[in-house]
Amino acid sequence: MNQDFSPLLEAARRYLDIDDAPFYMPGHKRGQGIDREFMSIMGENIFRLDLPELPDLEEPIAEAEVLAADAYGSDRAWFLTNGSTCGVQAMLLATCQQEDKILIGRNCHKATIAGLVINGATPVYLPTDYLPEFDLDLGVSPKTLELFLNLHPDAKAVMLVSPNYFGVCGELAKMVAIAHSFNVPLLVDAAHGAHQGFHPDLPISALQAGADLVVQSTHKVAGSLTQSSILHLQGDRIAVEQVDRALQILRSSSPNLLLMISLDVARRQMAVNGKQLLTYTLGLAKAARSQLNQIPKLRTFSQVEVPNLDDTRLTVMTDCLDITGFEADEYLHSQLDVMAEMPTRSQLVFSLSFGNTQADIDRLVSGLQQLSQETNDCWSATADQQSLVSIPKSRLTPREAYFAKCDRISIDNAIGRISAESLCPYPPGIPLVCIGEEITFEVVEMLQAILRSGGVINGASDDSLKTILVVQ
Ligand SMILES: Cc1ncc(COP(=O)(O)O)c(C=O)c1O
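Starting afresh in each chain, residues are numbered from 1 along the sequence in its written order. Only residues with pLDDT of at least 70 are given local features in this predicted model, and only at 80 or more are side-chain atom pairs given and counted; all residues enter the totals for whole chains, interfaces and linings. To get the side-chain values, take all heavy atoms of the structure and skip hydrogens and water.

Peer 1: Before we go on, may I ask you to explain the site of the ligand in this structure?
Peer 2: Within the structure, the ligand sits among 13 residues, and Ser 84, Thr 85, Asp 189, His 192 and Ser 217 are positioned closest to it. In the model, a nitrogen atom of the ligand is placed 2.6 Å from a nitrogen or oxygen of the Asp 189 side chain. Each polar contact in these results corresponds to two N or O atoms within 3.5 Å; when the atoms are within protein, one needs to be able to donate a hydrogen and the other to accept it, and residues that are neighboring in sequence are counted only if both atoms are side-chain atoms. Within the contact set of the ligand, an oxygen atom lies 2.7 Å away from a side-chain nitrogen or oxygen of His 192. Notes on the ligand: free accessible area 390 Å², of which the protein chains cover 89%. Only runs of H or I of at least four residues qualify as helices and only runs of E of at least two qualify as strands under DSSP, and these elements are numbered from the N terminus. Residue assignment for the shell around the ligand shows that the elements contributing at least two residues are helix 5 (83-95) and helix 10 (218-221). The rule for a residue being near a molecule or strand is that one of its heavy atoms must lie within 4 Å of it. Note on areas: Shrake-Rupley with a 1.4 Å probe; residue coverage comes only from the protein chains shown.

Structure, rendered in structure tokens:
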């Protein structure tokens with residue numbers, strides 16, 4: 001196919017020249033009625049192209065999705081304008097219903113738990129491996145998947161995250177083979193993997209590994225606008241109609257055209273120039289790692305230490321700086337305007353892409369040099385900073401817990417009760433306790449430690465975490 005062509009960009013270009021009398025929505029009527037100050041900041045074209053799904057646009061949208069499927073190697077692609085959140089939920093709704101069992105990597109994003117509230121399925125959480133040296137979640141291993149499939153051969157699907165927030169991709173091809181040997185489809189939340197498959201030095205993509213349904217947040221690491229994602233289907237384990245039906249329920253009936261144009265253009269960019277752009281990005285990441293590793297008290301890791309790592313995701317360990325990742329983040333942000341993607345208690349994660357420049361890397365390196373000089377001598381914080389918490393016991397499905405009667409109680413009295421909310425340090429948005437699970441002492445301790453050290457807990461109806469919603 002002609003990957004150099006962008007049908008939606010072409011359609012947009014045509015629409016810029018059309019001077020219609022717009023009696024359709026949105027109400028700003030191609031910018032004619034938009035707030036003038038907003039227009040002066042944003043420019044005119046963005047409003048002229050903020051169009052609904054007009055009949056003329058249906059064909060280019062369909063054409064753009066076909067090109068995306070071709071570029072990424074799937075059989076069918078759907079553009080999403082409500083992020084991978086929508087895609088994750090569509091994957092769950094398309095494959096499982098109330099009372100079905102699904103195996104889910106415990107490092108799943110909170111969107112997955114919300115998806116379980118929607119479809120009513122019973123999750124069996126798969127424990128993930130952990131590398132203490134880097135306080136690193138390694139995702140689910142093939143061995144664990146096989147063990148759990150043997151224990152739960154009636155599972156309707158398996159859902160894994162790959163890559164995770166740290167860029168760890170795991171042995172996905174093996175996992176696909178295992179799931180398929182049990183005749184179970186493998187769904188992959190590849191929100192962080194929209195650039196995979198376009199460079200030989202990156203781990204293979206979930207689609208290349210053979211996964212059945214895959215969602216990618218094109219906006220996170222490739223070049224589309226925030227909230228735009230693509231859902232892909234391959235093979236015949238899941239029917240196109242199942243996915244269509246789920247998307248009918250979950251998608252907005254007013255998808256944002258600007259987001260869809262950006263998906264089409266990002267696809268073209270990756271298909272045509274992806275290898276070159278990623279060679280550049282990997283070069284930046286390599287240079288950054290080698291300079292950072294020379295700074296006293298700082299450590300990073302790459303594919304050498306962690307197999308199947310996406311090297312464009314750069315994690316800097318702050319455990320020897322005598323400060324947490326949250327404090328390091330605050331310093332870099334407030335003093336130097338260097339902004340990380342994610343701080344944790346022991347790390348700072350930087351997301352690199354072809355949008356970054358050498359000047360960005362220079363600022364990152366000199367910022368961390370400065371930080372290293374200003375902090376005390378090394379102390380081994382690792383034991384205190386590790387974020388490993390055992391999976392709490394499931395007592396109700398997420399849906400049962402969501403619709404159950406709830407009480408708000410003091411967190412001190414919550415141990416042993418069933419949580420009516422999913423509590424996730426954010427980012428990465430991975431729940432420490434999921435809705436429907438028993439609240440443990442260990443979870444409460446970890447949540448409070450994260451809050452004390454400057455982290456944010458998402459999903460808590462009481463931000464201070466003094467109280468929590470529990471099932472009556
Ligand atoms: C692993 C994972 N899955 C899904 C999502 C949700 O993606 P989106 O923000 O595109 O809705 C995120 C967001 O950070 C994520 O990290």
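Having seen the structure, we can now continue with the description.
Peer 1: What is the right way to read helix 8 (residues 172-181) from this model?
Peer 2: Along an α-helix, residues three or four positions apart point the same way, because every turn accommodates 3.6 residues. Looking only at helix 8, the buried set comprises Leu 172, Met 175, Val 176, Ile 178, Ala 179 and His 180. Tucked inside the fold, the buried residues of helix 8 contact helix 7 (142-151), strand 6 (157-161), strand 7 (186-189) and helix 9 (206-209). Looking at the residues trailing helix 8, positive phi occurs at Asn 183, about 60°. Think of it in three bands: residues with accessible area under 20% of the maximum for their type are buried, residues over 50% are exposed, and the middle band is partly exposed, with areas taken using a 1.4 Å probe on protein chains only. Contact between two residues is taken to exist if any of their heavy atoms lie within 4.5 Å; hydrogens are not considered.

Peer 1: What is the right way to look at empty space enclosed by the protein in this model?
Peer 2: Think of a 1 Å grid over just the protein atoms. A cavity is a set of points where a 1.4 Å probe fits yet cannot get out, a pocket is an open set with protein on both sides within 12 Å along at least five of seven lines, and lining residues have an atom within 4 Å of a point. Grid points are joined across faces, edges and corners, and a volume is the space filled by probe spheres set on the points. Taken as a whole and judged by the stated rule, the model has 1 cavity of 30 Å³ or more. Estimated volume of the largest cavity: approximately 80 Å³. Looking at the largest cavity, it is lined by 13 residues, and the ones nearest its centre are Gly 139, Val 140, Val 161, Ser 162 and Cys 169. Within the residue set of the lining of the largest cavity, elements represented by two or more residues are strand 5 (136-139), strand 6 and helix 8. Polar here means any residue other than Ala, Val, Leu, Ile, Met, Phe, Trp, Tyr, Cys and Pro, which are nonpolar, and Asp, Glu, Lys and Arg, which are charged; Gly is therefore polar. Along the lines of polarity and charge, the residues of the lining of the largest cavity split into 8 nonpolar, 5 polar and no charged.

Peer 1: Help me out: how do you make sense of the sheet that holds strand 11 (residues 313-317) in this one?
Peer 2: Paired strands, in this sense, are two strands between which DSSP finds at least two bridges. On the basis of which strands lie adjacent, the open sheet formed by 4 strands has the order 10-11-13-12 and antiparallel pairing. The open sheet has two edge strands with one neighbour each: strand 10 (299-300) and strand 12 (342-343). Judged from the 2 bridges that link them, strand 10 and strand 11 form a sheet pairing that is antiparallel. When the sheet's bridge partners are listed, Arg 299 is paired in strand 11 with Met 317. Lying over the sheet, helix 12 (residues 257-293) contacts strand 10 and strand 11, oriented at roughly 5° with respect to strand 11. Only the stretch in contact is used when fitting a helix axis, every axis being a line fitted to C-alpha atoms; angles between N-to-C directions are given from 0 to 180 degrees. Contacting strand 12 and strand 13 (347-351), helix 13 (residues 325-336) runs over the sheet at an angle of about 50° to strand 13.

Peer 1: How should the environment of Thr 279 be read in this particular structure?
Peer 2: Tracing the sequence through the fold places Thr 279 in helix 12. Exposure remark for Thr 279: the relative accessible area of 44% places this residue in the partly exposed category. Side chain to side chain, Thr 279 and His 199 meet in a polar contact 2.8 Å long. In this structure the side chain of Thr 279 is engaged in a polar contact, spanning 2.7 Å, whose partner is the backbone oxygen of Lys 275.

Peer 1: Teacher, can you tell me more about the packing of aromatic side chains here?
Peer 2: In this description, a pair of aromatic rings is defined by centroid distance and the angle of the planes. Each Phe, Tyr or Trp ring (for Trp, its six-membered ring) is paired with any other whose centre lies within 6.5 Å, and the angle between the two planes then decides the class: stacked below 30 degrees, edge-to-face above 60, tilted in between. Under the counting rule described, the total for this entry stands at 4 aromatic pairs. Summarising the aromatic geometry, the rings of Tyr 72 and Phe 198 are spaced 5.1 Å apart at their centres and angled 90° between planes, so their arrangement reads as edge-to-face. Of this pair, Tyr 72 sits in helix 4 (residues 55-72) while Phe 198 sits in the loop between strand 7 and helix 9; the two residues are 126 residues apart in sequence, bridging distant segments of the chain. As far as burial versus exposure is concerned, Tyr 72 and Phe 198 are alike and both buried. Look at Phe 134 and Phe 301: their rings are 4.7 Å apart centre to centre, the planes differ by 45°, and that puts the pair in the tilted class. Separated by 167 residues along the polypeptide, Phe 134 in the loop between strand 4 (129-131) and strand 5 and Phe 301 in the loop between strand 10 and strand 11 bring together distant segments of the chain. Like Phe 134, the residue Phe 301 is buried in the burial classification.

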